[in-house]
Amino acid sequence: MAHYGSAALATRNEAPALSGEVFGALINLSGRRRFTSQRLVLYAVLAGQGQENAAATAREALALFRGAHHALVEGSDTVPGIFCPELEDIYFGRPGGDRQIRDFMELADRTLQACESESRNAAALLAQLVEMTTPVLALLNQITAIYEEQSKKHALLMKKQLRGVITEIETIAKQAKMVAFNARIVAARAGFAGREFAVVAGVLSNITGEIDDMVKTALNAANA
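Residues numbered from 1 in each chain as written. Predicted model: local features only at pLDDT ≥ 70, side-chain atom pairs only at ≥ 80, totals over all residues. Heavy atoms only, no water.

(A) Molecular detail of the overall build of the chain. Regarding its fold elements, the chain presents 7 helices and 0 strands. Sequence-ordered secondary structure for the chain, helices as α and strands as β, is α-α-α-α-α-α-α. Within the chain, the fraction of its 224 residues that count as buried is 34%. A separation of at least 24 residues holds for 73% of the contacts in the chain among residues at least 6 apart in sequence. Working note: accessible area of the chain is about 13,300 Å², and carbon and sulfur atoms make up 57% of it. (Helix = DSSP H or I, 4+ residues; strand = E, 2+ residues; numbered from the N terminus. Buried < 20%, exposed > 50% of the residue type's maximum accessible area, 1.4 Å probe, protein only. Contact = heavy atoms within 4.5 Å. Areas by Shrake-Rupley, 256 points an atom, 1.4 Å probe, with all protein chains shown as cover.)

(B) Examining the packing of aromatic side chains more closely. Enumeration over the complete set of coordinates arrives at 4 aromatic pairs. Taken together, a centroid distance of 6.3 Å and an interplanar angle of 45° make the contact between Tyr 91 and Phe 92 tilted. The two residues Tyr 91 and Phe 92 agree in class, both being buried. Three or more aromatic residues link up through ring pairs in this structure, and these residues are Phe 23, Phe 83 and Tyr 147. (Phe/Tyr/Trp six-rings, centres within 6.5 Å; stacked < 30°, edge-to-face > 60°.)

(C) Molecular detail of the packing of helix H4 (residues 85–92) against helix H5 (residues 97–116). The N-to-C vectors of H4 and H5 enclose an angle of 50°; their axes lie 4 Å apart at closest approach. Our classification of the angle between H4 and H5 gives oblique. Between H4 and H5, the residues in contact are Ile 90, Tyr 91 and Phe 92 and Gly 97, Asp 98, Arg 99 and Ile 101, respectively. Taken together, the residues of the contact of H4 with H5 break down into 4 nonpolar, 1 polar and 2 charged. (Axes fitted to C-alpha atoms, helices over the stretch in contact; angles between N-to-C directions. Parallel < 35°, antiparallel > 145°, perpendicular 65-115°, else oblique. Nonpolar A, V, L, I, M, F, W, Y, C, P; charged D, E, K, R; others polar.)

(D) Here's a closer look at the environment of Tyr 147. Following the sequence through the fold, Tyr 147 ends up in helix H6 (residues 122–190). With a relative accessible area of 0%, Tyr 147 lands in the buried category. Separated by 60 residues in the primary sequence, Tyr 147 and Leu 87 have C-alpha atoms spaced 8.4 Å apart. Each residue touching Tyr 147, except ones within four places of it in the same chain, is listed here: Phe 23, Leu 26, Ile 27, Ser 30, Leu 72, Phe 83, Leu 87 and Tyr 91.

(E) Region of the structure containing unusual backbone geometry. The phi angle at Asn 53 is positive, at roughly 70°, despite the residue not being glycine. Along the chain, Asn 53 turns up in the loop between helix H2 (20–48) and helix H3 (54–74). The class of Asn 53 is exposed, set by a relative accessible area of 55%. With a phi close to 55°, Glu 118 is a non-glycine residue in the positive phi region. As for its position among the elements, Glu 118 is in the loop between H5 and H6. On the basis of relative accessibility, which here comes to 70%, the residue Glu 118 falls in the exposed class.

Everything listed is a geometric property; what it means functionally is a separate question.
Listed below in structure tokens is the structure:
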């Protein structure tokens, strides 16, 4: 399977920043992959013991596992696939995460076929599948940790950007206050002729007060 090289990854990095909702979806998908890997192995073992409908349940778990993996690596309508060097490395670098996961899926498929046909090598395949479960689960936990760490970095970046915007707004508000203050002085000196100017200065003063309230609310959100 072709995977994302540095050029493709750079193109992805040029896309708009991922939202918190997208990170939530990525973490949920990664969690689903962990859960279904365990469900898959459990019901494969039960299928090997001849339990009714166990193989069908294992097949459903395998389909969910495969779908989650495809979305996380290749992307979908709701998630971007591989979007950072850390994921590129764990999937296609030295850890070989994608290959390990695909080997696990292929072994699970062969094991279920053997169980369903009551093949004599079903027990041996089940033993291999069970043995493979622990390292695969450890790998899936590592990958999930990357998604969670990227989500935290995104949240911190959003807070930093928000604080930057707030600082700019505060600067503009201070300047507006000075304009309003000077306008009131000019209006007072102008007497009757400055009445309309005084009204404008009052409105501007009210607006700066509203901006102050908005800045306080935004700061509370940024520091939450």
